[in-house]
Amino acid sequence: MDNTMVARIKAKFKSKFQTEPLLVFSPGRINIIGEHTDYNEGFVFPAAIDRGIVAAIQKSDAAVSTAFAADKDSGIEFSLDNVKPLASGHWGNYILGVVSEIQKKGIEIGNFDIVFGGDIPGGAGLSSSAALENSVAVGLNETFGLKLSKKDMIYISQKAEHNFAGVHCGIMDQYASMFGVKDHALLLDCRTIQATPFKIDFKDHELVLVNTNVKHSLSDSAYNNRRSVCESVSKMLHIPALRDASEKDLLSIKDKISEEDYQKVLYVVQENQRTIDAGNAMKTDNMEALGKLLYASHYGLSNQYKVSCDELDFLVEEAKASGQVIGARMMGGGFGGCTINLVLKSGSKQFQESVAKAYQNKFNKACSIYAVSLSNGAGLV
Ligand code: GAF
């Protein structure tokens, strides 16, 4: 967490309200492997990172509540008696959504003021939205003594995303942002919500994120569409979720669905297995095996699940061709954002320079490159 960001948000709050706020830091996340498996009740392998959202919050005696996005220099006022979604894409939906989901549980809160800002680049696929939702949930929980558990709060955040942001996401992002463990990645079973923490040591390798700096439109509708394909095939198979399906089960209904949908559900079943295999590769320090799983994940996401894009595919091919990267793939929902790369430490600088140059030449725009360090989950600063 960047302390200057905390100081900046605190100062902004004090300049607006002249009181001392409660401060919350809520991190973004990476995901080593296990993409689009969470809403299929399968496995994911995320970690919280040291970038995230800082929220400053305080009770208010006014007749309305307020929220202010410091990075956008934009604010809203709202009445707790009538909390409704704003226009699609408005940042306020993440805050109003959490308020509304708390109210739906029959819990009363009073008016409050919140100021927030962060250092997760927008559209990078590092889950700034889950970080914001969790920061609001933790902030309101503390401010009003709501006694919500961390688990209660991640489901509140997830429902806010469904009902106010319109994305029918799984639980991975909210979980990782809330339950992150410093220096660890979490192999999470999204059915039982039990995670095995892995101390991260990639031996001679390190993780590098390369941000395409693009986010193609339609990503939200494509996401919801993928989820409904998975759910309708589960129904056909009379199983609770695709996590329960084998490749053999899918073959039994292959002639009842389109080839495109068959490839999508096959991807999910295979990705779930890859995620379990990645846990075993980590246990046995088999970095080569882990790297191969990352590449296989990318090809599945690109060719079968069809959620990649030219920029992401290009970055993965460049990584492979560099000779310094043993595994790379697109990360998150898709259609832009970052690739995650498992890079030889000795060749990392060379890889970063060459990929930046190649991306600029190909797309006439810059990519951004980040090293990641893994952090604890959301909490008071
Ligand atoms: C987005 C969603 F929010 C997650 O729940 C997950 O499905 C991910 O895309 C894809 O793995 O980040």
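Note that the structure is a prediction, hence the values are computed from the model and not measured.

## Structural notes on the overall build of the chain
The helix and strand tally for the chain stands at 11 helices and 13 strands. Expressed along its principal axes, the backbone C-alpha trace of the chain runs to roughly 60 × 50 × 40 Å. Here the chain holds 381 residues, and the buried ones make up 47% of them. Excluding contacts between residues fewer than 6 apart, the proportion of contacts in the chain whose partners are at least 24 apart in sequence is 72%.

## Observations regarding the UniProt feature "domain: GHMP kinase C-terminal" (unreviewed entry) in the chain
Within the UniProt annotation, "domain: GHMP kinase C-terminal" (unreviewed entry) is assigned to residues 283–359. Across residues 283–359 one finds 57% helix and 19% strand; the C-alpha atoms that close the span lie 34 Å apart.

## Focus: the sheet that holds strand 10 (residues 325–330)
The strand order across the open sheet formed by four strands is 10-11-9-12, and the pairing between neighbours is antiparallel. Across the chains shown, the open sheet's two edge strands, defined by having one partner strand only, are strand 10 and strand 12 (368–371). The sheet shows a mean angle of 20° between the axes of neighbouring strands, direction not considered. Where helix 9 (residues 287–304) meets the sheet, it contacts strand 9 (205–215), strand 10 and strand 11 (336–344), and its direction lies at approximately 30° from that of strand 10. Each of strand 9, strand 10, strand 11 and strand 12 touches helix 11 (residues 348–363); the most contacted strand, strand 9, lies at about 15° to it.

## Points about the nonpolar core
Ala55, Val98, Ile114, Phe116 and Leu188 are the most contacted members of the largest nonpolar core, which has 105 residues in total. Each of domain 1 (3–198) and domain 2 (200–371) contributes no fewer than three residues to this core.

## What about helix 3 (residues 128–143)?
Here helix 3 spans 22 Å end to end across 16 residues, near enough to the 22 Å set by a 1.5 Å rise per residue. Counting buried residues in helix 3 gives 14 out of 16 residues, a clear majority hidden from the surface. Remark: Gly145 follows helix 3 within two positions and exhibits a positive phi of approximately 55°.

## With respect to the sheet that holds strand 5 (residues 74–78)
Taken together, the six strands give an open sheet; going across it, the order is 5-4-6-3-1-13, and neighbouring strands pair in mixed fashion. The sheet is open, and its two borders are formed by strand 5 and strand 13 (379–380), each paired with just one other strand. Summarising the sheet, strand 4 (residues 65–69) and strand 5 pair through five bridges and their orientation is antiparallel. Within the sheet, the bridge partner assigned to Ala67 lies in strand 5 and is Ile76. Packed on one face of the sheet, helix 3 meets strand 1 (22–31), strand 3 (46–59), strand 6 (112–118) and strand 13 and runs near 150° to strand 1. Where helix 5 (residues 172–179) meets the sheet, its contacts fall on strand 1 and strand 3, and the angle it forms with strand 1 comes to roughly 125°.

## Observations concerning the site of the ligand
Around the ligand, the surrounding shell consists of Glu35, His36, Asp38, Tyr39, Ser127, Cys169, Gly170, Met172, Asp173, Gly332 and Gly333. Taken together, the residues of the shell around the ligand break down into three nonpolar, five polar and three charged.

## Comments concerning the pairing of strand 4
Remark: a regular strand shows side chains that alternate across the two faces of the sheet. Within strand 4, four of the five residues are buried, which leaves the element mostly enclosed by the surrounding structure. The loop that links strand 4 with its antiparallel partner strand 5 comprises four residues; one of these, Asp73, has a positive phi angle of about 55°. As defined by bridge partners, strand 4 adjoins strand 6 across four bridges and the pair is classed as parallel. Its bridge partner lying in strand 6, Ala67 is registered against Ile114.

## Quick word on unusual backbone geometry
With a phi angle near 65°, Ser127 is a residue other than glycine that sits in the positive phi range. Structurally, the position occupied by Ser127 is in the loop between strand 6 and helix 3. Unlike most non-glycine residues, Asp285 shows phi in positive territory, near 55°. Examined against the element boundaries, Asp285 turns out to sit in the loop between helix 8 (259–283) and helix 9. You can call Asp285 exposed: it has 11 C-beta atoms within 10 Å.

## Remarks on the UniProt feature "domain: GHMP kinase N-terminal" (unreviewed entry) in the chain
Here the UniProt feature "domain: GHMP kinase N-terminal" (unreviewed entry) sits at residues 93–180. Helix makes up 59% of residues 93–180 and strand 8%, whereas the separation of the span's terminal C-alpha atoms amounts to 24 Å.

## Remarks on the domain arrangement of the chain
Here the chain is described as being made up of domain 1 (3–198) and domain 2 (200–371). Looking at the side of domain 1 that touches domain 2 element by element, the count peaks at three residues for strand 7 (residues 184–189). Classifying every residue of the side of domain 1 that touches domain 2 gives 14 nonpolar, 12 polar and four charged.

## What about the environment of Gln174?
Inspection of the secondary structure assignment puts Gln174 in helix 5. By C-beta crowding, Gln174 is classed as buried, having 31 other C-beta atoms within 10 Å. Once the C-alpha coordinates of Gln174 and Ala378 are considered, the two residues, 204 residues apart in sequence, prove to be 9.8 Å apart. Apart from residues no more than four positions distant in its own chain, Gln174 is found in contact with Ala130, Glu133, Asn134, Ile154, Ser157 and Gln158.

Cut-offs applied
- Residues numbered from 1 in each chain as written.
- Predicted model: local features only at pLDDT ≥ 70, side-chain atom pairs only at ≥ 80, totals over all residues.
- Helix = DSSP H or I, 4+ residues; strand = E, 2+ residues; numbered from the N terminus.
- Buried ≥ 20, exposed ≤ 12 C-beta atoms within 10 Å, placed from the backbone.
- Contact = placed C-beta atoms within 7 Å.
- UniProt positions renumbered as here; feature names shortened; annotations may be inferred.
- Pairing = 2+ DSSP bridges.
- Axes fitted to C-alpha atoms, helices over the stretch in contact; angles between N-to-C directions.
- Core = buried A, V, L, I, M, F, W, Y, C linked by C-beta atoms within 7 Å.
- Domains from an automatic or database assignment.
- Expected span 1.5 Å × (residues − 1).
- Near = placed C-beta within 6 Å.
- Nonpolar A, V, L, I, M, F, W, Y, C, P; charged D, E, K, R; others polar.

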